[in-house]
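Listed below are the residues making up each chain.
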Amino acid sequence: MSSPKTLAIALLMALAVPLGTARADTPLAPAGGGVGVGASASSAGRPAKLPVAVVLERVADLRAFAHPDVDMVDLLGWHAPFDGGGGRFFVDTRDTVTQDDGGLVFVDAAGRRWRRWQAEGTVNASWFGAMPSTPAAANREALQKAIDAVAQRPGDAVLSFDWAGSYEIDAPLQLRGGVSMRGLGARKTVIRGGTTVRSLLVPYKKDEPIEDVTIESLGFDMAGYNEKDYGGPIVLNMSPGNLLKRIRIRDCGFFDTAYPGDDRVKQRLMFIDAAKSAWIEGNDFDSGIRIKVGGGGEDVWIARNVLNFINDNAITMAMSGTSDAPRHERTVRVQIHDNLIRNASGVGIFLGGDGERYADPTMTMSSVSVSRNTIEFDSAVTSATGTRGIQIFLPSGGTRDIVISDNIIIQNGRPHEMDRGIGLFAMRGAGQVHDRIVVRDNVVSHPQDGGAYAVYVAGGDTTLRNLTITGNTLEGYGSSIALASRGKMLMPVIRANSSSRASIGFRVIGDPFVSGGSYVDNRIAGASSSGAAVHFASEKHMDWIVKGNAIRSAEGGAIAFMGKGTKDILLVDNDFRGSGPAV
């Protein structure tokens, strides 16, 4: 028997229900906790038009409902009244085949299809029974049904979460193309795994492209997963030939409440594979979870993210990937800017790849900008490979238009011979050209005086052309700026940089052919090496201009040229002050 409260709700809702048709000689008696509101027929027993409203408490009541004369009900909730899963439903008399999807369509005991009365667009997770109070297995099933339903809807449908709290799941959710997921906030609406859940969101099928996906304002909690194999909150790894297109991940949180602020797990990623048009912006990463875009990419935007306690490369834009991973043959139009990386202990921002596949001459990189990022390394770092703020491997197919600007890199760790603030490394590829690379207006500091290089450019056996290093402030390294190559360096420009507490302000090493270079208007203070503050150690230096530089406290001398092939060097208006010789 229905309670007075339920009956009162039904009577109130009846006022808003459109007119329906009921048989006068058949009482309305919905199953479960439902309440029927009707009127008696005429004394002749003839059918009459009656105002009808049927109110049911939960989905189980609707599925058990079997009254043939009712074609509309108001459902109060999914599990219980007012839990957000309710709504108005009507019978689709033309449909006899659609399956019960758990949220938009229900099938009753008589086999009729009840469709949710709604406008196109937003689909609520609670419509499918997904709620913070729902057990993990049921929540995962409900959320998967919601994702599948959104993927099949035309237009820009959105799966929204209208309850704050943690949605526990016992296995990964499978993402499909065309699905947008939106929560109430990165720490308010949280999808939470557990110690056995390796990833929270994976592709529905690796061999199908995923396009037009937005994930925003959601939290992803790894909740203690601590295995050493690759896993993470979002792992969209695709099979060869299938790409991710138009992917947006923004204003989300990635963390582990079991290990808050802990970087012990090295291999946990927010990973997307072979992306074309991807935006990763405004997200908060903690507990050792990091960003990786694998297989190259086009039109990739990584911006305004905060990353904490990273025990590896914090942001990676890789071209090689695994042996079976899809990849672009080029990395083009990539912007990584305004990110904050704190308590790092590996590489802050890494672009490129390694191994034989990265030496593929078909792989190229162009139009890349890394700007306005702040990278702070953990003061207790003991990494065997040192720390590197920004590292770019230039692919063997050649590069063009690479800009690294306005970044702040503070290496608080202990001095290490592999520490580098900014490093560019050309892979082998004789005859390949790397053109128009700019490193400008960055601040790179190693307070403990001992990092190997503040800015290091290794050209390999390639041709490096139009390299510009200008306006940088560099503190506390063995060498502030170093160029190393076995190939050619044409028209390098080293201008208006400020170097302090470095053993050597500028050096050229290896055996490159260097032509048309200029070292102009630089400032070096406190050079402490027994060698020269500016050191040209290559065998072949031609057509250099060394002008307007101020070099202070040069114990081993100001400038040294050591190559047998050095010629046509112009020294103009330089200011040398120190105990060693000027040149």
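These numbers were taken from a predicted model, which means no experiment stands behind them.

Reading the values: the criteria
Residues numbered from 1 in each chain as written. Predicted model: local features only at pLDDT ≥ 70, side-chain atom pairs only at ≥ 80, totals over all residues. Heavy atoms only, no water. Helix = DSSP H or I, 4+ residues; strand = E, 2+ residues; numbered from the N terminus. Buried < 20%, exposed > 50% of the residue type's maximum accessible area, 1.4 Å probe, protein only. Contact = heavy atoms within 4.5 Å. Areas by Shrake-Rupley, 256 points an atom, 1.4 Å probe, with all protein chains shown as cover. Pairing = 2+ DSSP bridges. Core = buried A, V, L, I, M, F, W, Y, C linked by side-chain atoms within 4.5 Å. Phe/Tyr/Trp six-rings, centres within 6.5 Å; stacked < 30°, edge-to-face > 60°. Polar contact = N/O pair within 3.5 Å; in protein donor to acceptor, adjacent residues only side chain to side chain. Salt bridge = Lys/Arg side-chain N within 4 Å of Asp/Glu carboxyl O. Expected span 1.5 Å × (residues − 1). pLDDT = per-residue confidence, 0-100.

Quick word on the overall build of the protein
In terms of regular secondary structure, the protein is built from four helices and 53 strands. By the burial criterion, 55% of the 583 residues in the protein qualify as buried. Contacts in the protein between residues far apart in sequence, at least 24 positions, make up 76% of those at least 6 positions apart. A total of about 23,000 Å² of accessible surface is found on the protein, and carbon and sulfur atoms cover 51% of it.

A short note on the pairing of strand S34 (residues 420-426)
For S34, the buried fraction is high: seven of the seven residues fall into the buried class. Note: strand S31 (residues 388-394) against S34, six bridges, orientation parallel. Each residue of the ladder has a partner; that of Ile-390, found in S34, is Ile-422.

Here we look at the nonpolar core
Judged by nonpolar contacts, the single largest core of 106 residues is most densely connected at Met-181, Ile-215 and Phe-506. For Ile-215, the contacting residues outside a window of four places in its chain are Leu-175, Met-181, Leu-201, Phe-220, Ile-234, Arg-248, Ile-249, Arg-250 and Cys-252. Judged by nonpolar contacts, the second largest core, of 14 residues, contains Val-54, Leu-62, Val-73 and Trp-114.

Describing the pairing of strand S30 (residues 374-377)
Along S30, the buried face is formed by Ile-375 and Phe-377; none of Thr-374 and Glu-376, which line the opposite face, is buried. Across three bridges, the pairing between strand S27 (residues 340-344) and S30 is parallel. Bridging from a neighbouring strand, Ala-344 pairs with Phe-377 of S30. Judged from the three bridges that link them, S30 and strand S33 (residues 408-410) form a sheet pairing that is parallel. For Glu-376, the partnering residue across the bridge sits in S33 and is Ile-410.

Let's talk about the packing of aromatic side chains
Using the criterion set out here, one finds 12 aromatic pairs in the structure. Pairing Phe-506 with Tyr-519 gives two aromatic rings, centres 4.9 Å apart and planes at 25 degrees, and the pair type is stacked. On the criterion of sequence distance, the pair formed by Phe-506 in strand S44 (residues 504-510) and Tyr-519 in strand S46 (residues 518-520) is long-range, its members being 13 residues apart. Look at Phe-506 and you get buried, because its relative accessible area is 0%.

Observations concerning the side chain of Asp-435
Within the secondary structure, Asp-435 sits in strand S35 (residues 433-440). Reaching out from Asp-435, the side chain makes a polar contact with the side chain of Asn-466 at a distance of 2.8 Å. Setting aside anything within four residues of it in sequence, one finds Asp-435 in contact with Thr-399, Arg-400, Asp-401, Arg-465 and Asn-466.

Re the environment of Trp-544
Position of Trp-544 relative to the elements: it lies in strand S49 (residues 540-547). Note on Trp-544: relative accessible area 1%, which makes it buried. Sequence separation between Trp-544 and Val-493 is 51 residues; the distance between their C-alpha atoms is 9.8 Å. In this structure Trp-544 touches Pro-492, Phe-506, Val-514, Gly-517, Ser-518, Tyr-519, Phe-536, Asp-568, Ile-569 and Leu-570, once residues within four positions along its chain are discounted.

Some words on the pattern of salt bridges
Under the counting rule described, the total for this entry stands at 27 salt bridges. Residue Arg-112 pairs with Asp-108 through a salt bridge whose shortest N-O separation is 3.0 Å. Relative accessible area serves as the criterion here: at 5%, Asp-108 is assigned to the buried category. If you follow the salt bridges from partner to partner, you end up with Arg-400, Asp-401, Asp-435, Arg-436 and Arg-465 in one network.

As for the environment of Leu-570
Mapped onto the elements of the fold, Leu-570 is located in strand S52 (residues 567-572). On a C-alpha basis, the gap between Leu-570 and Val-546 in space is 6.0 Å, while along the polypeptide they are 24 residues apart.

Here's the deal with helix H3 (residues 136-151)
Spanning 16 residues, H3 covers 22 Å between terminal C-alpha atoms, matching the ideal 22 Å at 1.5 Å per step. Buried within H3 we find Asn-139, Ala-142, Leu-143, Gln-144, Ala-146, Ile-147, Asp-148, Ala-149 and Val-150. For H3, the elements touching its buried residues are strand S9 (122-124), strand S10 (158-160), strand S11 (165-168), strand S12 (173-175) and strand S13 (180-182).

Description of the confidence of the model for the protein
Per-residue confidence for the protein averages 80 on the pLDDT scale, and 76% of its residues sit at or above 70. Contacts from residues 1-51, a stretch scored under 50 in pLDDT, to residues over four places away or in other chains number 76 contacts. Segment residues 321-326 is flagged for pLDDT under 50; beyond a separation of four residues in sequence, or across chains, it makes 15 contacts in the model.

Thoughts on the environment of Thr-331
By the element assignment, Thr-331 lies in strand S26 (residues 330-337). Owing to a relative accessible area of 1%, Thr-331 belongs among the buried residues under this scheme. Separated by 33 residues in sequence, Thr-331 and Thr-364 have C-alpha atoms that sit 6.3 Å apart. Filtering out sequence-adjacent residues up to four positions away, Thr-331 remains in contact with Gly-296, Gly-297, Met-317, Met-319, Thr-364, Met-365, Ser-366 and Val-368.

Quick look at unusual backbone geometry
The backbone of Arg-246 sits at a positive phi, close to 55 degrees, despite the residue not being glycine. For Arg-246, the location among the structural elements is in strand S19 (residues 244-250). Phi is positive for Asp-251, close to 55 degrees, though the residue is something other than glycine. Its location among the elements puts Asp-251 in the loop between S19 and strand S20 (253-255).

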